[in-house]
Amino acid sequence: MKCFFPVLSCLAVLGVVSAQRQVAVQEGPLYRTEGSHITIWCNVSGYQGPPEQNFQWSIYLPSAPEREVQIVSTMDPSFPYAIYTQRVRSKKIYVDRVQGNSALLHITDLQARDAGEYECHTPNTDERYFGSYSAKMNLVVIPDSLQTTAVPQTMHKVEQDPLELTCEVATETLQHSHLSVAWLRQRGGEKPVEVISLSRDFVLQSSSDYAQRQSLGEVRLDKLGASTFRLTIFHLQPFDQGEFYCEAAEWIQDPDGSWYPMTRKRSEGTVVNIQPTDKEFTIRLETEKRLYTVGEPVEFRCILEAQNIPDRYFAVSWAFNSSLIASMGPNAVPVLNSEFTHREARGQLKVAKESDSIFVLKIYHLRQEDSGKYNCRVTEREKTVTGEFIDKESKRPKNIPIIVLPIKSSISVEVASNASVVLEGENLHLSCTVRTAGRPLGRFSVVWQLVDRQNRRSNIMWLDRDGTVQPGTSYWERSSFGGVQMEQVQPNSFSLGIFNSRKEDEGQYECHVTEWVRAVDGEWQVVGERRASTLVSITALETGFAVTAISRTPGVTYSDSFDLQCIIKPHYPSRVPVSVTWRFQPVGTIEFHDLVTFTRDGGVQWGDRSSSFRTRTAIEKAESSNNVRLSISRASDTEAGKYQCVAELWRRNYNNTWTRLAERTSNLLEIRVLQPVTKLQVSKSKRTLTLVENRPIQLNCSVKSQTSQNSHFAVLWYVHKPSDADGKLILKTTHNSAFEYGTYAEEEGLRARLQFERHVSGGLFSLTVQRAEVSDSGSYYCHVEEWLLSPNYAWYKLAEEVSGRTEVTVKQPDSRLKLSQAQGNLSVLEMRQVQLECVVLNRTSAASQLVVEWFVWKPNHPERETVARLSRDATFHYGEQAAKNNLKGRLHVESPSPGVYRLFIQNVAVQDSGTYSCRVEEWLPSPGGVWYKRAEDTAGQTAVRVSRPDAALQVDTVVPNATVSEKAAFQLDCSIVSRSSQDSRFAVAWYSLRTKARGKSGGLGLEDGEEEEEEGEDEEEEEEDPTERTALLSVGPDAVFGPEGSPWEGRLRFQRLSPLLYRLTVLQASPQDTGNYSCRVEEWLPSPQKEWYRLTEEESAPIGIRVLDTSSTLQSIICSNDALFYFVFFYPFPIFGILIITILLVRFKSRNSSKNSDGKNGVPLLWIKEPHLNYSPTCLEPPVLSIHPGAID
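Everything numeric in this text was worked out from a predicted model, so none of it was measured.

Peer 1: It is not clear to me how the pattern of salt bridges should be interpreted in this structure. Could you clarify?
Peer 2: Any two side chains of opposite charge can pair, so long as their charged atoms come close to each other. Evaluated as defined, the whole model comprises 61 salt bridges. Between Arg21 and Asp126 there is a salt bridge, with its nearest N and O atoms 3.1 Å apart. In this pair, Arg21 is assigned in the loop between α1 (4-18) and β1 (22-25) and Asp126 in the loop between β8 (116-121) and β9 (134-142), connecting sequence segments 105 residues apart. Taken together, the salt bridges that share partners define one network made up of Glu853, Arg919, Glu921, Lys933 and Glu936.

Peer 1: Could you clarify how one ought to interpret unusual backbone geometry in this entry?
Peer 2: Note: most peptide bonds trans; most residues except glycine with negative phi. Pro29 follows Gly28 through a cis peptide bond whose omega is 0°. Structurally, Pro29 can be placed in the loop between β1 and β2 (30-33). Going from Lys569 to Pro570, the amide bond is cis rather than trans, its omega being -5°. Locating Pro570 in the fold gives a position in the loop between β44 (562-569) and β45 (578-586).

Peer 1: Would you mind showing me how to read the side chain of Ser1070 here?
Peer 2: You can see Ser1070 is positioned in the loop between β81 (1061-1066) and β82 (1075-1086). Ser1070 has contacts with Glu966, Arg1051 and Val1107, leaving out every residue within four places of it along the chain.

Peer 1: What exactly am I supposed to notice about the pairing of strand β70 (residues 891-897) here?
Peer 2: In this structure, β70 lies alongside strand β71 (residues 900-905), joined through five bridges in antiparallel fashion. Bridge pairing links His892 to Phe904 in β71. What sits between β70 and β71 in their antiparallel hairpin is a turn of two residues, with Gly899 showing a positive phi close to 90°.

Peer 1: Can you help me understand the sheet that holds strand β59 (residues 754-758) in this one?
Peer 2: The strands making up a sheet associate through hydrogen bonds between their backbones, and the pairing can be parallel or antiparallel. With antiparallel pairing, the four strands of this open sheet are ordered in space as β53-β55-β60-β59. The sheet is open, and its two edges are formed by β53 (681-682) and β59, each paired on a single side. In the sheet, β53 pairs with strand β55 (residues 697-705) via two bridges, with the strands oriented antiparallel. What sits directly across from Val682, in β55, is Val703.

Peer 1: Help me understand the sheet that holds strand β64 (residues 818-819) in this model?
Peer 2: The four strands are arranged β64-β66-β71-β70 in an open sheet whose pairing can be described as antiparallel. Strands at the two margins of the open sheet, each flanked by one partner only, are β64 and β70. Strand direction decides the pairing type here: strand β66 (residues 834-842) and β71, joined by six bridges, are antiparallel. When the sheet's bridge partners are listed, Cys838 is paired in β71 with Tyr901.

Criteria and cut-off values
Residues numbered from 1 in each chain as written. Predicted model: local features only at pLDDT ≥ 70, side-chain atom pairs only at ≥ 80, totals over all residues. Heavy atoms only, no water. Salt bridge = Lys/Arg side-chain N within 4 Å of Asp/Glu carboxyl O. Helix = DSSP H or I, 4+ residues; strand = E, 2+ residues; numbered from the N terminus. Contact = heavy atoms within 4.5 Å. Pairing = 2+ DSSP bridges.

This is the structure in structure tokens:
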């Protein structure tokens, strides 16, 4: 398990990098003992989906390594198989989820049958399968052979007696394992304490209770022989009382390198009772009194009461307020803490052993900080066999508190200041006087402190008892510049001076005086402290600081003068400078800019944008106050706007730097500079113009009256369209006669068609739009601006006015396009050509261009589809219908005469059927040379019907019903009498026809009368399903053979004797082949798209085939073998005939040699005739050899 989480982290990192699912399981094989509790971890990484994944555990048992046995799942309670269901329900097997992507399988009571290969599977939550989804490991279950035995007993011991206990530990595990052995002591219900143990790595160790005694050799663990472990405690203590037992564990190393305790056993216990000796002791702590004064001595006595003190060892430690002062071991040598070592070295403190039972702590000169609680602690120690000491019992008495009082002081302190309220920047002086009832005891140290309004205390300056003056941290810099000073005016009088005061110097000033006296040891001690304070208020300079701007002439006309005044309150002394700035916001802007500034040192600074004001502006500052006056002459519209006065209050710092304390902004003063009253009037008359394209549009704009003879005019021409909210600018002529084209002229390309004219009279302006277009229609008007020269010689717009509107309508020529509306019907066969004509009877203009488009309505399709399109430039385009019906390459367009357009569809197909029509668009050129569609019309419709050729396929059979013998071959011919087309192809298939009658099959005319009678009885059943077809062989139109029927597989031979004659030969006929056969022919024709389609099909009349069944006799065996047939029936007869002739010739010769021509006893000569041999060439009957009677004697 110690490697579990590092492995998980590594796997998680790998999963993120590889971005694919990876399942990892604890590395095997794992060896575990029966009855133990085992855990196996499983982790998944690189997955997608929810962060919490599910886990399913299965096992593959050694008896069936290929069979999965489901154990437990985190998502499906019904997942376990029956053999694991009860253990899963009782939580003897469960899954503990560590994280969302990792889990532990727990088996609490491991059994031998749990051994096998374990698989961890994670169900997929990814968008696609990518990675691994399961991992496996092996678990080996071995017997638990660990034995731990010890003799149970009860022992009674006395303190300091030795103790020896033995334990037997053995194991019979075949795997390599390590043992660990530990001795433990348990007392009542307490937790067991480890006395000493031997780890699996052969390391001896003890718990904290026995570690010191084990290091001193007081506690030992020895191994005697192969399996005996002995515990030895040399000097028993009462602490050792309890039950001692031995515990052993068997460890095995897992594949990941970690060690795992397979099993753990404990032995029977030995109860050890220890009788303690009389070792008790008591402690007392004594001192004379509890109340002391600084400088007095004190003595503490720690008294030990016990038996046999000289023979025992004690250690003593002294403590003050729970902090160690000194310690003294049995050797009586004191060891002091570092803080008290210096006092002991100077003879102010002593730690000693007065006798065996009395220990003393003396402080010769008490300090006030010595007040507190004192105590001593006595610890008895025991000397070991090695001469070292170990701690035993420790005791301490109750604390003794003492109080050390300081030396009393009789001083008093008084504080005074030069003023309780001062203005910021003025100097502040404070004095601190110390009064005593008698002669001063020693010296004084004085600290000046300031407590501000937020009750924050800070040190200003202090004077130590040696007369050294130091400033506080926050006053260090001011003191270095002389801004803060402190001095001792008299032995009992101290002063503080704060120069150029600031607002933050306000608060409670406190003088803190400390009286010091020298102690007996020469050190200075505080004997008294007194303090006094006074409140000082500082009025901030910015208090009441305000500024006001006034003017007596808020409204002026061109070339007049006006004054502005900036009044500042309150009146400040000359040492407090004020800077004043006049700011200006011109009319129509949102930002102020600086005009002129009177600086704090009396200088004048002009702003960056004040050039127009410098020659016409005067500025003046009053000597008795900080008020500033601004005078402006020859006013114009550039001086019109809002004025504002800004005052800044400054203060000089202690380091000669300046700080801006406050800024005040005055009220706004608006100065209006008025223009002359306008007299501009523009003609408001309305007009209406209607004209045809390419004619000019004449527009006039007339100024009836003007303000001045020196007035200049800017004329803006606008057009307003019904679709626009506002008019669009066409042309603008400025007051200095400059031309500017508007956005409308640029967008519509009017620049070349516009002509502007200003008449001699000066008040009449004309605009002409040449070559008018339909898009030029709209409402035209002019916008006139009157401009005058301002006092600062800048042109300004005085007034503006809009003229009446001129409604202009530009029309196109009237449309005269007309097409022929003749209707038509066409019926053609496939592969022929169709001609569709579109005739234009009339058009709007001879210069127009036509777009011709043919389209079709298909049956059951309400929407029309485009077939072809002829554009204005005579470019031919296919429509979407051409792509669907493969019309590309089959369409042709021609125009034999103007206005006549013909569309030819070659190699028409059935899918070309539909209602065709054409649509013509007429396009005219606009005055700008842009073509636009003027009219369109649709011609009459032509219905086209394309049909396929009529079917003329006829099939006949050439071979009649036939009877063949078994093992012979029979032929099934399929003859095509007529065809529909010379381009057709055929698909031929032969079938076996079986009659479904009580499971028996019959043929036509081949069964006896009894079978015919049975067929008559089942006539009704045959009408429902008369024939069952079984395919022998099929050949497609592409000459591809289909699979052979299973009964005839390997016995079929196909022949094409001619284009119209097909033959199928069945070899090795068997009685099961008896029945009716037919052939079916499909006629296929090519479509115009070069795709084959089935036109029709025809089936031949049934052919009856009967196969005779011959029994397996000697005759059939001989007849079935040609060589055997000739050897049995042909070769013996000639040989036999020759043999008979030879015998007769020999006898004939012997008779001629006799005297008598007759035979012996008058018997005539033997008359021999040739034998008559009959045989069947068909081998249906055996050959017959006949010898006539009387042929042989």
